[in-house]
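So the chains spell out like this:
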Number of protein chains: 4
Amino acid sequence: MTKQQLSRRVEPRKLPSRSNSRARVEAILAATRELIFRHGLEGLTTNQIAEHAGIPVGSVYQYFPNKQAIVYALIQDWLSVLEDKLDAFPMEDYLQKGRDYALQQMSMTVTVPSTFDYERKLGRILLGAIDLYPELRELNDAHVEFCVESSVKFLKAAGSKWSVARLRKLGRYILEIRRTLYYTPDEIVADAIKWQEIATIAIISQCLDD
Amino acid sequence: MTKQQLSRRVEPRKLPSRSNSRARVEAILAATRELIFRHGLEGLTTNQIAEHAGIPVGSVYQYFPNKQAIVYALIQDWLSVLEDKLDAFPMEDYLQKGRDYALQQMSMTVTVPSTFDYERKLGRILLGAIDLYPELRELNDAHVEFCVESSVKFLKAAGSKWSVARLRKLGRYILEIRRTLYYTPDEIVADAIKWQEIATIAIISQCLDD
Amino acid sequence: MTKQQLSRRVEPRKLPSRSNSRARVEAILAATRELIFRHGLEGLTTNQIAEHAGIPVGSVYQYFPNKQAIVYALIQDWLSVLEDKLDAFPMEDYLQKGRDYALQQMSMTVTVPSTFDYERKLGRILLGAIDLYPELRELNDAHVEFCVESSVKFLKAAGSKWSVARLRKLGRYILEIRRTLYYTPDEIVADAIKWQEIATIAIISQCLDD
Amino acid sequence: MTKQQLSRRVEPRKLPSRSNSRARVEAILAATRELIFRHGLEGLTTNQIAEHAGIPVGSVYQYFPNKQAIVYALIQDWLSVLEDKLDAFPMEDYLQKGRDYALQQMSMTVTVPSTFDYERKLGRILLGAIDLYPELRELNDAHVEFCVESSVKFLKAAGSKWSVARLRKLGRYILEIRRTLYYTPDEIVADAIKWQEIATIAIISQCLDD
DNA sequence: AATGAATGAGGATTCATTCAT
DNA sequence: AATGAATGAATCCTCATTCAT
């Protein structure tokens with residue numbers, strides 16, 4: 001992606017309506033995901049994506065206004081899955097079962113990143129992409145906002161006396177702790193999940209004990 | 001950087017001997033650092049670097065065999081500063097002052113990343129670069145090794161009964177905890193440092209209490 | 001052409017299917033032929049070729065993976081014309097008309113290089129190109145093989161008792177005699193053809209008289 | 001060599017007077033010869049030559065005005081050796097011993113190219129260089145002139161009745177026959193020399209029998 | 001005279017995007 | 001709507017030659 005490409009529109013050109021359209025959009029995203037996973041972002045070309053997806057380049061531009069929009073959509077998908085996981089978590093149930101249990105569950109909530117090596121590598125690359133292209137930043141910001149809100153809601157419900165502002169800061173750091181899993185090498189994920197839980201409980205305890 | 005450029009030699013072409021040479025190497029690195037800081041890795045061109053450094057392109061290639069070699073040198077510099085900081089830490093002193101004090105200091109050791117926003121942003125970008133280009137990986141690996149060893153040494157000295165293999169895993173995760181600081185937004189660094197300390201002490205305690 | 005370019009793929013990127021494609025490939029080859037004829041191989045640039053062919057550089061690379069591939073195609077064309085000429089020669093007819101007549105015809109077969117100055121100069125340059133770029137060598141080797149086989153077949157048919165191995169050596173030298181025509185200055189081609197015939201008959205006689 | 005370099009002066013910048021100068025000129029030529037032999041003309045750089053010769057680039061330009069001048073000198077050396085060989089040939093002696101003997105010896109004269117593979121490959125490359133750079137053409141022309149004169153003198157002395165103009169044409173072709181040896185693969189040199197002799201005698205006979 | 005760092009125009013190749021069919 | 005050939009600005013890197021020291 002050259003400089004000129006920056007600051008372009010990134011919304012999909014059209015909402016895929018016909019099933020064929022959706023299939024093509026999926027094919028494009030799948031191809032991109034695969035290529036990115038295998039070779040990283042460097043050297044990713046639209047022609048390559050099209051070829052890998054089994055459709056002509058021209059058609060790629062039927063659904064995406066430019067190359068970044070594809071990566072944008074990829075990240076969007078990925079983040080929304082993460083957010084769905086967070087959303088689906090039945091926090092209320094656990095909160096009724098006592099502080100310790102709640103703490104443990106909260107830390108589990110934190111552990112969203114998939115423990116599957118494939119997803120973790122992909123996540124790492126996508127996280128890198130966010131840093132690479134300004135347009136993708138907004139996606140990250142929205143996601144961060146979502147995660148932070150999720151944490152704040154939980155911590156409040158768990159009984160924290162901290163101000164929302166302070167809880168938001170903590171929520172932001174909790175997200176960072178969660179993201180360590182992406183950068184953790186495959187060989188130590190199992191242990192890392194455990195340590196992540198310990199670390200999370202430790203810092204969360206602060207706001208519950210105050 | 002296109003695909004063909006990958007897997008190239010990355011050692012600086014020559015050791016700068018004449019004072020002018022050293023100045024030029026510095027100018028190149030400074031220019032690159034500045035450009036990377038401002039616009040990220042994307043769109044970084046050799047001509048841009050040369051222009052920014054106030055020297056002709058040809059001269060850039062007098063000191064570096066290719067573009068990546070410059071980024072390589074940049075990362076090398078950066079990591080070696082981090083390693084020097086770790087090395088300079090007088091761990092022994094603290095170990096004599098009791099477990100709690102030692103724990104706290106250990107966690108401080110962990111907090112190596114500069115708290116200055118500039119360095120943290122640069123560090124984040126350089127960390128991203130490592131993921132982008134295979135050649136840079138070796139630099140990271142060596143650095144990781146160094147940090148892990150440093151942690152293991154400390155934890156052993158602090159009295160951990162864990163096996164070296166297990167301590168190495170922990171050391172690896174401690175590094176990840178440390179790196180969270182790079183991804184922490186400027187507004188919450190102050191708090192993040194504190195939480196990072198808490199989190200670190202919590203996970204380190206495991207291996208000391210066993 | 002710099003060193004890095006050597007050992008690259010040289011097959012045309014795609015078989016020209018649409019008439020326009022074929023026309024463009026022709027235009028590229030014609031432009032290259034013309035430029036090479038006028039200025040030699042040195043200083044031949046892809047931009048020059050494109051400009052001369054009246055198409056953008058990018059389009060040149062639509063049909064040829066790199067500069068050498070163009071020269072490769074040029075040589076391929078040229079050699080295949082030569083081989084067609086050899087193939088088209090009705091050797092059998094002549095063999096029945098007696099040794100002397102056959103000998104004369106054989107030597108005529110040998111005289112394949114065009115007597116037109118343009119083609120001879122071009123041939124000389126292309127022959128030089130083969131020596132310049134390793135990839136082109138395989139083309140020459142295949143052509144040599146073809147010519148040698150052609151000679152051996154003829155000499156056998158003409159009644160030579162020599163072993164195939166020996167005839168192959170002779171065939172290889174006959175090719176060299178044929179190629180003298182390329183290096184012969186325009187002013188003496190007419191005579192050179194005659195002398196070439198004499199020379200050829202003389203050395204061929206050896207294997208028929210043994 | 002880029003286009004701009006063409007049409008430059010090619011005489012050595014200074015006649016090497018001091019022994020050190022001569023040694024350096026020799027070193028430059030030897031290095032160039034070696035590099036050309038190994039990698040051909042493509043990719044030959046002055047820096048490479050200097051490094052291989054063990055002297056600084058700047059010094060190369062003390063003795064040669066530009067890169068081509070080096071190749072020029074190399075070819076000059078090579079051709080002068082060939083001419084010395086021709087000169088040293090005691091043709092008169094042989095002419096007194098009868099036509100057949102003379103013919104045979106004449107054809108030997110023709111066989112000047114070294115039968116050593118190294119020299120033959122080098123000669124082939126140098127011959128190619130002549131075709132590549134216009135400036136080198138004059139060297140070839142002078143050499144051709146020399147060889148033609150040598151042949152004419154011999155043929156006249158041997159009793160040919162042909163006009164000088166016609167003998168010059170024959171002489172020119174005899175040179176071409178001689179040059180076939182350069183293009184002959186190593187495996188068949190031995191046989192090629194024999195066939196070259198036969199071919200030469202055959203065409204020379206024409207002018208003696210008329 | 002000797003040096004070798006400095007120069008910068010030039011060249012091969014790429015690739016996001018368009019648009020004629 | 002679908003296609004995929006066409007485009008050409010942009011990018012990395014080279015290297016003959018110079019000239020300050």
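See above for the structure.
Residues numbered from 1 in each chain as written. Chains lettered and ligands numbered in written order. Predicted model: local features only at pLDDT ≥ 70, side-chain atom pairs only at ≥ 80, totals over all residues. Heavy atoms only, no water.

## Some remarks on the interface of chain D and chain C
Opposite the 33 residues of chain D that make contact, chain C presents 35 residues. Summed over the three residues of chain D that lose the most area to chain C, namely E42, Y173 and W195 of chain D, the buried surface amounts to 24% of that side. Summed over the shared surface of chain D and chain C, the number is four salt bridges. Put simply, chain D and chain C have six residue pairs in polar contact (both at pLDDT 80 or more) between them. Of all the elements in the fold, those that place two or more residues in the side of chain D that touches chain C are α7 (117-132), α9 (164-183) and α10 (189-209) of chain D. When grouped by side-chain class, the residues that make up the side of chain D that touches chain C number 17 nonpolar, six polar and 10 charged. (Contact = heavy atoms within 4.5 Å. Buried area = accessible area lost by both parts, 1.4 Å probe. Salt bridge = Lys/Arg side-chain N within 4 Å of Asp/Glu carboxyl O. Polar contact = N/O pair within 3.5 Å; in protein donor to acceptor, adjacent residues only side chain to side chain. Helix = DSSP H or I, 4+ residues; strand = E, 2+ residues; numbered from the N terminus. Nonpolar A, V, L, I, M, F, W, Y, C, P; charged D, E, K, R; others polar.)

## Notes on the relation of the copies chain A and chain B
Expressed as a screw operation, the relation of chain A to chain B combines 0.0 Å of axial shift with a rotation of 179°, fitting to an RMSD of 0.2 Å. In short, the pair behaves as if placed about a two-fold rotation axis. Residue A199 of chain A of chain A places its C-alpha closer to the rotation axis than any other residue of that unit, at 2.1 Å. Interface overlap between copies: 100% of the residues of chain A at the interface are likewise at the interface in chain B, consistent with a symmetric, same-surface contact. (Least-squares fit on C-alpha atoms with pLDDT ≥ 70 in both.)

## Some points on the pattern of salt bridges
Side chains that differ in sign of charge can pair as their charged atoms come close. By the definition in use, this model includes 40 salt bridges over all chains. The salt bridge partner of D131 of chain C is R124 of chain D, with a shortest N-O separation of 3.8 Å. With one member in each of two chains, D131 of chain C in helix α7 (residues 117-132) and R124 of chain D in helix α7 form a pair that bridges those chains. Ionic pairing is found between E149 of chain C and R168 of chain C, a salt bridge with its closest N-O pair at 2.2 Å. Here the residue E149 of chain C occupies a position in helix α8 (residues 134-157), and R168 of chain C occupies one in helix α9 (residues 164-183), the gap between them amounting to 19 residues. With relative accessibility at 36%, the residue E149 of chain C sits in the partly exposed group. Residue classification places R168 of chain C among the partly exposed positions, given a relative accessible area of 28%. Ionic contacts of the salt-bridge type, sharing partners, join the residues D117, R120 and D186 of chain A into one network. (Buried < 20%, exposed > 50% of the residue type's maximum accessible area, 1.4 Å probe, protein only.)

## Here's the deal with the relation of the copies chain D and chain C
Superposing chain D onto chain C requires a rotation of 179° together with a translation of 0.0 Å along the rotation axis, leaving an RMSD of 0.2 Å. With an isologous cut-off of 70% or more, the 100% of interface residues of chain D that recur at the interface of chain C puts this contact in the isologous class.

## Regarding the interface of chain A and chain B
With 33 residues of chain A in contact, the opposing surface of chain B contributes 35 residues. Here chain A meets chain B over a buried area of about 3,200 Å², counting both sides, of which 65% is carbon and sulfur. The largest per-residue losses of area from chain A upon contact with chain B belong to E42, Y173 and W195 of chain A, which jointly make up 24% of the total buried on that side. Our count for the contact surface shared by chain A and chain B stands at four salt bridges. Our enumeration of links across chain A and chain B arrives at six residue pairs in polar contact (both at pLDDT 80 or more). Elements that contribute at least two residues to the side of chain A that touches chain B include exactly α7 (117-132), α9 (164-183) and α10 (189-209) of chain A.

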